Amino acid sequence: MAIVGMLHVALGVSDIGRSLAFYRDILGFSVVGEMALASAAAARTLRVDAQVRGALLERDGFRLELLQRADAADVVDEQGGARSALSHLALAVDDLASTLHSLRDRGVAVLEETLVQHAPGVASCLVRDPDGLPIALYQAPAGVTSPWELRG
């Protein structure tokens, strides 16, 4: 198992416009990109049964992802008794299959239903830390440094 990079920290927000104004205009982050994730994709990758809007921000080499449910539901809603992954830590790994195997052997909760093969050599999966907080693990080809690059 090799973690090869810290991708971003994601925060689930209730009003993306208000949060963008705060992080961009008050804290000095720059907007790197914006996206929308369809309900089916959001349910699979983030455990959120709704369309998700997002913005990727950066400051001093640190990337912050802001995610909002398009239906404006409470950001702490639970889906099927499990916490959504709107707020998460995202890490790049060199080999997702071997990383997940190693984590399972160490007793880490792997959310098998979130394992997604996006394209050849590109995959992601959620795991939980000891407090149940989500960590997104991404495997991608060399040169791809962000899940945003994977989303096109």
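Residues numbered from 1 in each chain as written. Predicted model: local features only at pLDDT ≥ 70, side-chain atom pairs only at ≥ 80, totals over all residues. Heavy atoms only, no water.

Caption draft 1: A look at the environment of Thr114. Looking at where Thr114 falls in the secondary structure, it is placed in strand β8 (residues 109-119). In the structure, Thr114 is positioned 72 residues away from Ala42 in sequence and 9.9 Å away in space, judged by C-alpha atoms. Not counting residues up to four positions away in its chain, the partners in contact with Thr114 are Arg44, Arg47, Ser124, Cys125 and Leu126. (Helix = DSSP H or I, 4+ residues; strand = E, 2+ residues; numbered from the N terminus. Contact = heavy atoms within 4.5 Å.)

Caption draft 2: Representation of the pairing of strand β1 (residues 3-12) within the structure. Sheet topology note: the β1/strand β7 (residues 88-93) ladder contains 6 bridges and is antiparallel. Counterpart to Val9 in the pairing with β7 is Leu89. Pairing analysis gives 4 bridges linking β1 to strand β4 (residues 62-69), with the strands arranged parallel. Its bridge partner being in β4, Val9 is matched across the sheet by Leu64. (Pairing = 2+ DSSP bridges.)

Caption draft 3: Highlighting the pattern of salt bridges. Scanning the model with the defined rule gives 4 salt bridges in all. Arg24 is paired through a salt bridge with Asp25; the nearest N and O atoms lie 2.8 Å apart. Judged by its relative accessible area of 34%, Arg24 is partly exposed. Residues Arg63 and Glu58 are paired through a salt bridge, measuring 3.0 Å at the closest nitrogen-oxygen approach. (Salt bridge = Lys/Arg side-chain N within 4 Å of Asp/Glu carboxyl O. Buried < 20%, exposed > 50% of the residue type's maximum accessible area, 1.4 Å probe, protein only.)

Caption draft 4: Here's a closer look at the pairing of β7. Burial analysis of β7 places 5 of its 6 residues in the buried class, which makes it a mostly covered element. Bridge count between β7 and strand β10 (residues 134-139): 4 bridges; the pairing is parallel. Residue pairing for β10: Leu91 is matched across the bridge by Leu137.

Caption draft 5: Structural context of helix α3 (residues 96-105). Residues Leu96, Thr99, Leu100, Ser102 and Leu103 constitute the buried set of α3. All buried residues of α3 project into a common sector of 160° when viewed along the axis, lining one side. Across from the buried face of α3, at angles greater than 90 degrees, the exposed residues are Ala97 and Asp105. Residues of α3 that are buried sit in contact with β7, β8, β9 (122-128) and β10. Its side-chain oxygen at 3.2 Å from the backbone nitrogen of Ala97, Asp95 defines the N-terminal cap of α3. Positive backbone phi, at 85°, marks Gly107, one or two positions downstream of α3. (Arc of directions from axis to C-beta. Polar contact = N/O pair within 3.5 Å; in protein donor to acceptor, adjacent residues only side chain to side chain.)

Caption draft 6: Spatial organisation of the nonpolar core. Counting residues in each nonpolar core, the largest one holds 18 residues, and the members touching the most others are Leu37, Leu46, Val48, Val52, Leu67 and Leu86. Those elements that provide at least two residues to this core are β1, β2 (30-37), α2 (39-46), β7 and β10. The contact partners of Leu46, leaving out residues within four places of it in the chain, are Leu37, Ala41, Val52, Leu67, Ser84, Ala85, Leu86, His88 and Leu126. Grouped together as the second largest cluster of nonpolar side chains are 11 residues, Leu91, Ala123, Cys125 and Val127 included. (Core = buried A, V, L, I, M, F, W, Y, C linked by side-chain atoms within 4.5 Å.)

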